[in-house]
Amino acid sequence: MGDEDWEAEINPHMSSYVPIFEKDRYSSGENVDNFNRTPASSSEMDDGPSRRDHFMKSGFASGRNFGNRGFSNSRFEDGDSSGFWRESSNDCEDNPTRNRGFSKRGGYRDGNNSEASGPYRRGGRGSFRGCRGGFGLGSPNNDLDPDECMQRTGGLFGSRRPVLSGTGNGDTSQSRSGSGSERGGYRGLNEEVITGSGKNSWKSEAEGGESSDTQGPKVTYIPPPPPEDEDSIFAHYQTGINFDKYDTILVEVSGHDAPPAILTFEEANLCQTLNNNIAKAGYTKLTPVQKYSIPIILAGRDLMACAQTGSGKTAAFLLPILAHMMRDGITASRFKELQEPECIIVAPTRELVNQIYLEARKFSFGTCVRAVVIYGGTQLGHSIRQIVQGCNILCATPGRLMDIIGKEKIGLKQIKYLVLDEADRMLDMGFGPEMKKLISCPGMPSKEQRQTLMFSATFPEEIQRLAAEFLKSNYLFVAVGQVGGACRDVQQTVLQVGQFSKREKLVEILRNIGDERTMVFVETKKKADFIATFLCQEKISTTSIHGDREQREREQALGDFRFGKCPVLVATSVAARGLDIENVQHVINFDLPSTIDEYVHRIGRTGRCGNTGRAISFFDLESDNHLAQPLVKVLTDAQQDVPAWLEEIAFSTYIPGFSGSTRGNVFASVDTRKGKSTLNTAGFSSSQAPNPLDDESWD
Ligand SMILES: Nc1ncnc2c1ncn2[C@@H]1O[C@H](COP(=O)(O)OP(=O)(O)OP(=O)(O)O)[C@@H](O)[C@H]1O
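Rules behind the numbers
- Residues numbered from 1 in each chain as written.
- Predicted model: local features only at pLDDT ≥ 70, side-chain atom pairs only at ≥ 80, totals over all residues.
- Heavy atoms only, no water.
- Helix = DSSP H or I, 4+ residues; strand = E, 2+ residues; numbered from the N terminus.
- Buried < 20%, exposed > 50% of the residue type's maximum accessible area, 1.4 Å probe, protein only.
- Areas by Shrake-Rupley, 256 points an atom, 1.4 Å probe, with all protein chains shown as cover.
- Salt bridge = Lys/Arg side-chain N within 4 Å of Asp/Glu carboxyl O.
- Domains from an automatic or database assignment.
- Contact = heavy atoms within 4.5 Å.
- Buried area = accessible area lost by both parts, 1.4 Å probe.
- Polar contact = N/O pair within 3.5 Å; in protein donor to acceptor, adjacent residues only side chain to side chain.
- Nonpolar A, V, L, I, M, F, W, Y, C, P; charged D, E, K, R; others polar.
- UniProt positions renumbered as here; feature names shortened; annotations may be inferred.
- Near = heavy atom within 4 Å.
- Core = buried A, V, L, I, M, F, W, Y, C linked by side-chain atoms within 4.5 Å.
- Pairing = 2+ DSSP bridges.
- Axes fitted to C-alpha atoms, helices over the stretch in contact; angles between N-to-C directions.

Let us look at the overall build of the protein. Within the protein, the secondary structure is distributed over 21 helices and 17 strands. Buried residues in the protein amount to 65% of all 699 residues. In the form shown here, the protein has an accessible surface area of approximately 23,200 Å², with 51% of it arising from carbon and sulfur atoms.

Right under this line is the structure:
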């Protein structure tokens, strides 16, 4: 069933929903010799012409409503309702007896399962938080048809541009504004236009984006400050039953003179304040990526680290950076028009960068290190006010970072640490050009003078090669387990479900799941709204997050999901990476992503930190066959059952030329400096996916 069919089906039901706009919001204006393989245990901006204008012009007025509002209140609640903050109380519901409706490995069992708590359990809660705004269909001509989409991807988006060759912003601008009007919906001018295939673009404020007066009213959203009390700062969830199994994962370190891994936090020799914070955060034992990365960073080495989702990469870079800052002494924060931070951490999405900031704030608690976060979709003045008060660690999305640098609020001379989280995404065709600009900004210390750290769960070979440009030649490479492999704590099931049956299957599964927190991934923003609305109609309490929602709405949606108001979050790939939400027990790929890397990140929203989780993916024979081979590899590597039908497709679609070819491999099993990896499998790497519709997912 295509989007249009859904429109026809949903539209009659939705006409009674009227969007509630908040008036005041718009009123104001070479060389690897060493190779150790050891078990770990051993050792949007202003919305351009305003978003509302777009809505009105394109048919969102008069009963054509936009945006599933997955929450009951029409107003954003300041304070702790923000999606970023963690509840201080530990409401872990990780109860194995509630894991119902699934056979152990072989797939989904249907609703007659005796353990099921009743098919209408969600509805029975009486919750119907979504759909306040109904679903806006825009005018029928507003959405791109596949051809237009193809054109747009081919002609405008970075995907078809030579890698890292252009400045990118010219076409970015074109593509964004063009598509915005074409589609009739809002396309924010933020920095998060990324596609599942590694294509993205962003437009900096300095170049006519967020801060441009010509683009319409400025974004006025000021995110609520996070709670300041110690309990909230140190709120965390419990490690899971498989946390200790991390020790058995093989770790590869390559590069010259790697310092030995540490086994305990004590061996890291951190200062007392940091040790106290680590204890308050509930960390008692290092994860493998921490065991290896912490001493490497403490030794001053550049690092590219790849470790499975949810295995503690954030602390792996934050702790040693903070330790260095404490050791070297930093200038205590004080008001200055131009701040010169010692550390910049960039990540691809707003929610992720905020999460990293909260971790930085937690670990720097009680020190004079001040962490600041800035990201698009929020008032620029607010970002500036945060910065001028003092800034040692700046956590930023690329667009906002470049804007702030352009406004001379941030000087780069003192930068000692540059961290790229989700580094493969930060270096691909989308953000790569901007990262290049960042390292060539006036004042930015050369790579010899700074320490550059890159972390991700996936690291395609061609991106590793690009990364070398940012790193000292003697950088170390840490691979925990299979690079690009899925977390083994996630039980993966792939079901053959045709487009026409997906919704029915989704409802069936969600009813069996009950109240357990579930993320449902779809490929386009439009579909995210369709599906969220549809689920609300089915009385399944649902909210949604995607790049067409305002930042305020995104944060609200995340908060409603995090705090259990809405146990189902429908998301595009904008939520695929990095988000660490307690108790997400299920991930459903309603649509499979176009790349296997994206799949690995998406399912990694569950099964974190030793907890178990489940992922169910709908495989559509019409559109997903290109994923069969890499999917079989991911399932096999994670010791999951592989359905016979999937193996058959993988076999029948096998393209020998892909394996080990320069067209890109799914996995770099090793540091690319060691030569061609031998464990690659055919498939598409993140920059090569063939699905043009992806372009919708990340912006
Ligand atoms: N040593 C530890 N002990 C206990 N909890 C930890 C430890 N290290 C990290 N955690 C917790 O594990 C969770 C996952 O960590 P984090 O978000 O850093 O994972 P990640 O590897 O960056 O995942 P992703 O690849 O999805 O970005 C967080 O809640 C974090 O606080």
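With that out of the way, let us pick up the pattern of salt bridges. One pass over the structure, following the stated rule, counts 27 salt bridges. Between D637 and K633 there is a salt bridge, with the nearest N and O atoms lying 2.9 Å from each other. Separated by four residues within a single helix, D637 and K633 lie in helix 20 (residues 628-637), roughly one turn from each other. Classification of K633 by relative accessible area gives buried; the value is 14%. The network of salt bridges with common partners includes D244, D247, K285 and K291.

What follows deals with the domain arrangement of the protein. Here the protein is partitioned into domain 1 (230-480) and domain 2 (490-653). Taking only C-alpha atoms into account, the centre of domain 1 sits 28 Å from that of domain 2. The interface of domain 1 with domain 2 comprises 26 residues on the first partner and 23 residues on the second. Buried surface at the junction of domain 1 and domain 2, summed over both partners, amounts to about 2,100 Å²; 49% is from carbon and sulfur atoms. Seen at the junction of domain 1 and domain 2, the total is four salt bridges. As a salt-bridge pair, D424 and R577 come within 2.9 Å of each other at their nearest N and O atoms. Run the count over domain 1 and domain 2 and you get 18 residue pairs in polar contact (both at pLDDT 80 or more). Listed by contribution, the elements that provide at least two residues to the side of domain 1 that touches domain 2 are helix 10 (350-363) and helix 13 (423-427). It is helix 10 that provides the largest number of residues to the side of domain 1 that touches domain 2, a total of four residues. Across the side of domain 1 that touches domain 2, the residue classes tally to eight nonpolar, 13 polar and five charged.

Let's shift gears to the UniProt feature "domain: Helicase ATP-binding" (unreviewed entry) in the protein. Mapped onto the present numbering, the UniProt feature "domain: Helicase ATP-binding" (unreviewed entry) falls on residues 294-477. The span residues 294-477 carries 40% helix and 16% strand; its end-to-end C-alpha distance comes to 13 Å.

Attention now moves to the site of the ligand. If you check the shell around the ligand, you find 21 residues, and the closest are Y283, K285, K313, T314 and D580. Contact between the ligand and G312: an oxygen atom at 3.2 Å from a main-chain N or O atom of the residue. One of the side-chain nitrogen or oxygen atoms of R605 is found 2.9 Å away from an oxygen atom of the ligand. Its free accessible area being 640 Å², the ligand has 96% of it covered by the protein chains. Among the residues forming the shell around the ligand, the class breakdown is four nonpolar, ten polar and seven charged.

Of note, A347 is situated in the loop between strand 6 (343-346) and helix 10. Taking the relative accessible area as the measure of exposure, A347 reaches 0% and is therefore buried. In sequence terms A347 and A396 are 49 residues apart; their C-alpha atoms lie 6.7 Å from each other. Here A347 is in contact with L352, V353, I356, A396, T397, P398, D421 and M426, once residues within four sequence places are set aside.

A few words on the nonpolar core. Formed by 59 residues in total, the largest nonpolar core has its most connected members in L303, F317, M325, I345, I393, F455 and V478. It is helix 9 (residues 313-328) that provides the largest number of residues to this core, a total of nine residues. Leaving out residues up to four positions away in the same chain, M325 has contacts with I330, E342, C343, V369, N392, I393 and Y417. With 41 residues, the next largest nonpolar core counts M304, M435, A479 and V483 among its residues.

Attention now moves to the sheet that holds strand 16 (residues 584-589). Read across the sheet, six strands follow the order 12-17-16-13-15-14 without closing on themselves; strand pairing throughout is parallel. Whereas interior strands pair on both sides, the edge strands pair on one side only; in this sheet they are strand 12 (490-496) and strand 14 (542-545). The average undirected angle you get between the axes of adjacent strands in this sheet is 20 degrees. Direction of pairing for strand 14 relative to strand 15 (residues 568-571): parallel, over a ladder of four bridges. If you follow I545 over to strand 15, its bridge partner there is A571. On top of the sheet, helix 19 (residues 596-603) reaches strand 12, strand 13 (517-521), strand 16 and strand 17 (613-619); it is set at about 150 degrees to strand 16, its chief contact. Packed onto the sheet, helix 21 (residues 644-652) meets strand 12 and strand 17 and runs at close to 75 degrees relative to strand 12.

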